[in-house]
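# A look at the structure
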Amino acid sequence: MTGVRAPGFPERQVRARARHGTAEVFPPADRYGAQLFGAGDDAEPVDPRLLDDLDAARLVPPVFVPQRLEKLIELAREPVHDDVDLATTVGGFRSPLPVYVSAFGSTRIAAGDAGLAASRQAGRLGVPMVIGENLVPVGGYRRAADGAGASILARLRAYAEQCPPDAGGVVVQQSTEDADSEVWNLVYSDPSVRDLVDSGRLGFELKLGQGAKPGLGGMTVVDAADAARLADRFAVRDVLGGGGWLRCASPGTFTEEIVRQQVRFMRNNFPRARVWVKFHPGRDVAHAAATAWRAGADAVTVDGAQGGTGWAPRAFLDQVGLPLGECLRRIGRPEGCLLASGRIWEGGRAVKALALGATAVGLGRAALLAVDTDAESGLVRLVRALALEAQLLISALGRYTVDALTPDDLWWPGTPTTTAAPAAPAGPTVDSRTDRIGGRA
Amino acid sequence: MHHTDHQPDGPAPRPVPLGEHLAAPTTRAAMAVQQEALYAAREYLRGQGCTELLPPLVGPVTDPGGRGAKALDVDYYGQPYKLMTSAILYKQASLRGFDRLFYIAPNVRVEPPETAGTGRHLVEFHQIDVELAGASRDEAMEVAAGLLTHVVRHVLDTVPDVLAGLGRDPLAFTELLTGKFDTCTHAEAVDRLRGGGHPQSADAEIDWVGEETLSREADRPFFVTDYPKGSRGFYDREDPDRPGVLRNFDLIAHGGYGELVSGSEREADYATIVTRMRESGENPAKYDWYLKLAREGIPTSAGFGMGVQRLVRFLTGLDALWQVSAYPKLPGVVAP
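All figures in this text were calculated on a predicted structure; none of them were measured in a lab.

### Let's talk about the interface of chain B and chain A
Every contact between the two is made by 29 residues of chain B and, on the other side, 27 residues of chain A. Interface area for chain B against chain A, summed over the two sides, is near 2,500 Å², with a carbon-plus-sulfur share of 49%. Taken as a group, Glu114(B), Arg278(B) and Glu279(B) account for 25% of the area that chain B buries against chain A, more than any other trio of residues on that side. Remark: the boundary between chain B and chain A carries three salt bridges. Between Arg264(A) and Asp203(B) there is a salt bridge, and its shortest N-O distance comes to 3.7 Å. At the junction of chain B and chain A, the tally comes to eight residue pairs in polar contact (both at pLDDT 80 or more). For the side of chain B that touches chain A, the leading source of residues is helix H9 (residues 270-279) of chain B, giving three residues. Each residue belonging to the side of chain B that touches chain A can be placed in one class, and the counts come to six nonpolar, eleven polar and twelve charged.

What follows is the structure, given as structure tokens:
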């Protein structure tokens, strides 16, 4: 552990899962039979300002479960939670779980060995991983600059060495500043990355924004020497006092046509790489997502206002951007592969995002804390705990695949109760899947 | 059908060590053809009123290009400079003093390793690079067709024995020498490829396999026009009447040899150039010198680049592009 802190994030619980894995899905086993448990017993007081609409929603298993009957017929025995198949395709990559590891960005916390440890563990899990922007102009491609930690190439190799050949994939971000370093061209033309290209497991992510600071580019704090070194590529400003300099990347200028053409340009230039597009939780996120899918993006990532491992101005952390649940509701039924990130670390929030249309959820801060807790297996344990929890929840909802989840599986507090349609016990089986999105109809 | 089809179905010949390659009779024959081709190209372009300039080798920016090729970085007095992937931006700037100009320009593109097998890519190559102030696409296409026809005729006249020694049948050029080249649009090319079962994207450049397929079906060179925006650099002009369509062209050789020429009318309007840069993911700040000129005013123009090695391969009928370069560097292969 390096003493990384994540205020406002359930850090203690994440670290416990990184140490103990699936055991942390349940209350302590040694208290079984000796203590009574009820709602809220295990909860740690969380600053209510940090909870969003998705936290407030509840998963609501029905009594009647026709899809369980289908599964029962298929299995010739009663289905249990293990029978939930979590395997899916995440932005063009096969993944055993509806989970991927989000970019950590160029923030100092992420740039050290944590990036390498996360790469190894994500590879072992066979889940896709995103490598953050601004690592090349800051840290170099082949060899990292002093103190900048593992290079992109080292992380690509660490992932590829551990990953099963038929699963996962690595997605490399490029921002406006990265365009100067031509990160994508560098990676795509590198013979040592050829295996990933040949096996269809390389992708590029066009990053338009991030959850922690919607409308701004990446921000880090550097010392005066680094500030001088980076001044030709970034805005570096002496606004922090105490010797620290603010290094700002630009957010980049985007219009509908610019997004459409950049996606096409990526597909044209890198025909064998997958194309991902990441948006901040903007009020026009539904329009933006549709634009990207229609231009041919393999995945659209929405980073809710709870997202981001990086460093952001206080006003942005507290007051800017849509919460993740609202982003997902605005998008409605996705036209393509939708990925969701933002304060996800356990199965509940993950399954809620999946029910609202996401194909997979991204682990950002949680992954960083997990590898910080145990560089060898922390992330693997955290993800296995999440997977078990997801299987328990999805099976409780009477579903056995991730894509069988629907917005009907959620209840939003404060929404008027809809009166059930008159019962028709002898009628035909009603397909419980619905196109209705948002649970507020 | 008189032409001899190029047949790359067998195993392509593999590059040999440089010393051996330089001494090979094939290499000597290819250089003899190249010398005549360059002579004829200069003769033709000077006849068109073009001035030959010598191109720059490094600069703060170069052609961002496409298809995943990487520019090589150079430390230039501490500044990050690039080796020219093409001198397109300098060609446009040169129009201020030279209405009609051309280069025989060396280019370096670190192509993705996947292009090593196309037989059509080298990391180091040369272009006959032409730019014509005030010209339309039609005029540029006419000059490109005239250039190719003139070069072929000259080579057939001056080194027929060399072509015979390489087994290149002069009848392969019969239809070409009539000077009448067909034109189809990118959309029509996509339809033809899809009709033949090839999954060609409508939004992208014709892929390597598709290009070779079209090339093989033809008996003379042909133009493909109207590529979609997103498949080409920001400097290819978007048709003001048809948003999303570029006023550009490729000239594709017949017989499976593929693209010889890429050209276009150019964007000259400052605001349009900045917007197009963003659409292709570029950071306008790094194009500082070029955008300053564009703000002051760059003449409208059209132009093209004809690949010298591709031209010589087409003339000689050799299997792979490396055979017609004295110092070949294949994508993904570290070579002297």
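Moving on, there is more to tell.
### Points about the packing of H9(B) against helix H10 (residues 288-296) of chain B
Residue and element names in this part refer to chain B. Where H9 meets H10, the axes come as close as 8 Å, and the angle between the chain directions of the two elements is 150°. Facing H9, whose interface residues are Tyr-270, Ile-273, Val-274 and Met-277, H10 presents Tyr-290, Leu-291, Ala-294 and Arg-295. The class makeup of the residues in the contact of H9 with H10 is seven nonpolar, no polar and one charged.

### Section: the confidence of the model for chain B
Across chain B, the average pLDDT comes to 92, with 96% of residues at or above 70. For residues 1-10 of chain B, every residue scores under 50 in pLDDT, and the model assigns this stretch 26 contacts once sequence neighbours within four places are set aside.

### Concerning the packing of aromatic side chains
Residue and element names in this part refer to chain B. What the rule picks out here adds up to 18 aromatic pairs over all chains. Plain terms: the ring middles of Tyr-90 and Trp-289 are 4.8 Å apart, the flat faces sit at 35° to each other, and that makes the pair tilted. Taken together, the residues span a long stretch of sequence, with Tyr-90 in helix H3 (residues 88-94) and Trp-289 in helix H10 at a distance of 199 residues. Exposure remark for Trp-289: the relative accessible area of 23% places this residue in the partly exposed category. Consider the rings of Tyr-257 and Phe-314, whose centres lie 5.7 Å apart with planes at 70°: the pair is edge-to-face. Of this pair, Tyr-257 sits in the loop between strand S9 (248-253) and strand S10 (258-265) while Phe-314 sits in helix H11 (residues 308-316); the two residues are 57 residues apart in sequence, bridging distant segments of the chain. There is no split in this pair, since Tyr-257 and Phe-314 are both buried. Chaining the aromatic ring pairs together yields one cluster made of Tyr-90, Phe-234, Tyr-235, Tyr-287, Trp-289 and Tyr-290.

The rules we used
Residues numbered from 1 in each chain as written. Chains lettered and ligands numbered in written order. Predicted model: local features only at pLDDT ≥ 70, side-chain atom pairs only at ≥ 80, totals over all residues. Heavy atoms only, no water. Contact = heavy atoms within 4.5 Å. Buried area = accessible area lost by both parts, 1.4 Å probe. Salt bridge = Lys/Arg side-chain N within 4 Å of Asp/Glu carboxyl O. Polar contact = N/O pair within 3.5 Å; in protein donor to acceptor, adjacent residues only side chain to side chain. Helix = DSSP H or I, 4+ residues; strand = E, 2+ residues; numbered from the N terminus. Nonpolar A, V, L, I, M, F, W, Y, C, P; charged D, E, K, R; others polar. Axes fitted to C-alpha atoms, helices over the stretch in contact; angles between N-to-C directions. pLDDT = per-residue confidence, 0-100. Phe/Tyr/Trp six-rings, centres within 6.5 Å; stacked < 30°, edge-to-face > 60°. Buried < 20%, exposed > 50% of the residue type's maximum accessible area, 1.4 Å probe, protein only.

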